[in-house]
Amino acid sequence: QVQLVESGGGLVQPGGSLRLSCAASGRTFSGYGMGWFRQAPGKERELVAAIYWSGGSTYYTDSVKGRFTISRDNAKNTVYLQMNSLKPEDTAVYYCATGPRVSITGRLRGDYWGQGTQVTVSS
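Residues numbered from 1 in each chain as written. Predicted model: local features only at pLDDT ≥ 70, side-chain atom pairs only at ≥ 80, totals over all residues. Heavy atoms only, no water.

**Some words on the pattern of salt bridges**
- Overall, the coordinates contain five salt bridges when judged by the stated rule.
- A salt bridge links R38 to D90, with the shortest nitrogen-to-oxygen separation between them at 2.9 Å. Taken together, the residues span a long stretch of sequence, with R38 in strand β4 (residues 32-39) and D90 in the loop between β8 (78-83) and β9 (92-100) at a distance of 52 residues.
- Using a relative accessible area of 6% as the deciding quantity, one classes R38 as buried.
- On the basis of relative accessible area, D90 is assigned to the buried category, the value being 1%.
- The closest approach of N and O atoms between D90 and R67, which form a salt bridge, is 2.8 Å. On the criterion of sequence distance, the pair formed by D90 in the loop between β8 and β9 and R67 in the loop between β6 (58-60) and β7 (68-73) is long-range, its members being 23 residues apart.
- When salt bridges with common partners are traced through the structure, they connect R38, E46, R67 and D90 into a single cluster. (Salt bridge = Lys/Arg side-chain N within 4 Å of Asp/Glu carboxyl O. Helix = DSSP H or I, 4+ residues; strand = E, 2+ residues; numbered from the N terminus. Buried < 20%, exposed > 50% of the residue type's maximum accessible area, 1.4 Å probe, protein only.)

Here is the structure:
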């Protein structure tokens, strides 16, 4: 079993920054990566960013490129999502997930999920 615990969400003004953390414990899978998904009210869940333990390759959805950075601390089994220049449209519940890479572009399938953390961007 895999446990994922997220932290770092909250309320921030447009243009502000937040850093999300996801600590993983339990069983690990060779070749898996970790990613951040988000789901806004009335919208489908979307993959925001992913990072792979082997090689450190990353994936970003177009809307966050240049603003968000995903990184990892292998020793702590923790993944971070640094979010800068936040916009109201970034408001969503953000979920950490781990799973296999499913596309050449680096998309990740979430097989195990955290509980989610709310990010609200509003003035």
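Let us keep going from here.
**Quick word on the layout of surface pockets**
- Taken as a whole, the largest pocket encloses approximately 220 Å³ of empty space.
- The wall of the largest pocket is formed by 18 residues, among which T28, F29, Y32, W53 and T98 lie closest to the centre.
- Listed by contribution, the elements that provide at least two residues to the lining of the largest pocket are β1 (2-7), β3 (18-26) and β4.
- Ranked by residue count, the leading element in the lining of the largest pocket is β3, at three residues. (1 Å grid on protein atoms, 1.4 Å probe; cavity = no way out; pocket = protein on both sides within 12 Å on 5 of 7 lines; lining within 4 Å. Points joined across faces, edges and corners; volume = space filled by probe spheres on them.)

**Here's the deal with the side chain of T117**
- Inspection of the secondary structure puts T117 in strand β11 (residues 117-121).
- Judged by relative accessible area, T117 falls into the buried class, the value being 13%.
- Here the side chain of T117 touches G9 through a polar contact of 3.3 Å, landing on its backbone nitrogen. (Polar contact = N/O pair within 3.5 Å; in protein donor to acceptor, adjacent residues only side chain to side chain.)

**Here we look at the state of the cysteines**
- Overall, the coordinates contain one disulfide when judged by the stated rule.
- Two residues, C22 and C96, share a disulfide whose sulfurs are 2.0 Å apart. The sign of the -80° torsion about the S-S bond sets the C22-C96 disulfide as left-handed. Here C96 lies in strand β9 and C22 lies in strand β3, a separation of 74 residues in the sequence. (Disulfide = S-S within 2.5 Å.)

**Considering the sheet that holds β8**
- With antiparallel pairing, four strands are arranged side by side in an open sheet as β1-β3-β8-β7. If you trace the sheet from one side to the other, it starts and ends with β1 and β7, each paired once. Taken over all neighbouring pairs, the strand axes of this sheet differ in orientation by 15° on average, direction set aside.
- Note that β7 and β8 share six bridges and pair antiparallel. (Pairing = 2+ DSSP bridges. Axes fitted to C-alpha atoms, helices over the stretch in contact; angles between N-to-C directions.)

**Section: the nonpolar core**
- With 27 residues, the main nonpolar core has W36, F68, I70, L81, M83 and Y94 as its most contacted residues.
- Broken down by secondary-structure element, the contributors of at least two residues to this core are β1, β3, β4, β5 (46-52), β7, β8, β9 and β11.
- Among all residues touching M83, those that are not within four sequence positions of it are G16, S17, L18, L20, R67, F68, Y94 and V119.
- Counting seven residues, the second largest nonpolar core, distinct from the first, contains L47, Y59, A97 and L108. (Core = buried A, V, L, I, M, F, W, Y, C linked by side-chain atoms within 4.5 Å. Contact = heavy atoms within 4.5 Å.)

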